[in-house]
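Topology and contacts: notes
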Amino acid sequence: MISLKNVSKIYHMGGEDVYALRDASLSVRDGEFVSIIGPSGSGKSTMMNIIGCLDTADEGDYLLDGEHIHNYSQKELAKVRNRKIGFVFQNFNLLSKMTAYENVELPLIYQKLPSSERSERVKWALDQVKLYDRKGHRPTELSGGQQQRVAIARALASRPSLFLADEPTGALDSRTSTEIMGIFQNLYEQGNTIIIITHDEAVADQAERKVRIRDGYVSEVAV
Ligand SMILES: Nc1ncnc2c1ncn2[C@@H]1O[C@H](COP(=O)(O)OP(=O)(O)OP(=O)(O)O)[C@@H](O)[C@H]1O
Ligand SMILES: [Mg+2]
């Protein structure tokens with residue numbers, strides 16, 4: 001359960017205050033599929049960074065599963081992230097020298113999982129995105145959509161219950177976008193919480209709920 005209450009994020013630029021988020025409130029229940037839509041510079045990534053415990057709010061309160069994520073140290077934020085959240089980014093963020101298999105396995109090595117469990121999870125995750133047969137390919141040997149599927153498998157392998165995706169289809173054509181959104185739809189049907197950030201109405205419409213953000217202000221809209 002996600003609960004942002006009157007959250008503001010303020011950047012100080014050359015003596016001026018820039019409000020990336022203003023008094024933003026949003027609740028997302030477990031198992032919901034929510035899209036956050038808004039134009040460039042409206043505060044979408046700022047909001048995702050706060051929800052994803054990559055950053056903290058300057059004002060207001062953020063509760064994740066009842067925990068007040070406020071004044072958390074970098075170390076505490078990292079712990080929450082690793083335990084609960086799977087991230088997917090626009091540019092996939094895969095390591096180019098590693099194979100699909102190794103990219104998916106890497107976070108599990110950091111989590112110090114034994115190798116038998118790692119191989120089981122990597123296979124399971126790559127199977128979920130139907131890419132186990134490409135496990136030996138490096139990112140340059142995969143299409144954009146396939147790279148994003150590897151990135152989703154990497155997030156899946158840690159078994160988070162919350163998936164946060166910042167413009168996951170931003171670098172993909174419309175057919176491939178539909179395929180990636182289909183994977184998120186499956187994850188949603190399996191009971192996961194999904195939050196997708198986008199500036200594309202067609203992508204946003206595929207979620208169960210649509211939240212609009214403009215100049216740092218948040219409002220709910222009917223899907
Ligand atoms: N580190 C920073 N320092 C100063 N200002 C920032 C910083 N990060 C973001 N901003 C400002 O906050 C506002 C919101 O930025 P944000 O990245 O959240 O937008 P966005 O909706 O994700 O945009 P885009 O669709 O282009 O990714 C912008 O006006 C931006 O210039
Ligand atoms: Mg952004």
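Everything that follows concerns the structure shown earlier in this document.
First, a word on what this report is: a plain description of the structure on this page. (Residues numbered from 1 in each chain as written. Chains lettered and ligands numbered in written order. Predicted model: local features only at pLDDT ≥ 70, side-chain atom pairs only at ≥ 80, totals over all residues. Heavy atoms only, no water.)

With respect to the site of ligand 1
- Around ligand 1 lies a shell formed by Y11, M13, A20, P39, S40, G41, S42, G43, K44, S45 and T46.
- Contacts to ligand 1 include G41, whose backbone N or O atom sits 2.8 Å from an oxygen atom.
- Within the side chain of T46, an N or O atom sits 2.6 Å from an oxygen atom of ligand 1.
- When ligand 1 sits alone it has 640 Å² of accessible area, and the protein chains cover 60% of it.
- Looking at the shell around ligand 1, the elements with two or more residues in it are strand 1 (2-13) and helix 1 (44-51).
- Here the shell around ligand 1 gets 3 residues from one element, more than from any other, and that element is helix 1.
- Of the residues belonging to the shell around ligand 1, the class tally is 4 nonpolar, 6 polar and 1 charged. (Near = heavy atom within 4 Å. Polar contact = N/O pair within 3.5 Å; in protein donor to acceptor, adjacent residues only side chain to side chain. Areas by Shrake-Rupley, 256 points an atom, 1.4 Å probe, with all protein chains shown as cover. Helix = DSSP H or I, 4+ residues; strand = E, 2+ residues; numbered from the N terminus. Nonpolar A, V, L, I, M, F, W, Y, C, P; charged D, E, K, R; others polar.)

Observations concerning the nonpolar core
- V104, I152, F184, L187 and I196 are the most contacted members of the largest nonpolar core, which totals 34 residues.
- Contributions of two or more residues to this core are made by helix 3 (100-110), helix 4 (115-128), helix 5 (144-157), strand 7 (162-166), helix 6 (174-189) and strand 8 (193-198).
- By residue number, the principal contributor to this core is helix 5, which donates 7 residues.
- Not counting residues within four places of it along the chain, the set of residues in contact with L187 comprises I152, L156, F163, N192 and I194.
- If you look at the next biggest cluster of nonpolar residues, it comprises 28 residues, including A24, I51, V80 and I197. (Core = buried A, V, L, I, M, F, W, Y, C linked by side-chain atoms within 4.5 Å. Buried < 20%, exposed > 50% of the residue type's maximum accessible area, 1.4 Å probe, protein only. Contact = heavy atoms within 4.5 Å.)

Section: unusual backbone geometry
- Phi at N6 takes a positive value of approximately 50°, unusual for a residue other than glycine.
- Along the polypeptide, N6 turns up in strand 1.
- Phi is positive for K112, which is not a glycine, with a value near 60°.
- Note that K112 resides in the loop between helix 3 and helix 4.
- Overall, K112 belongs to the exposed group, its relative accessible area being 72%.

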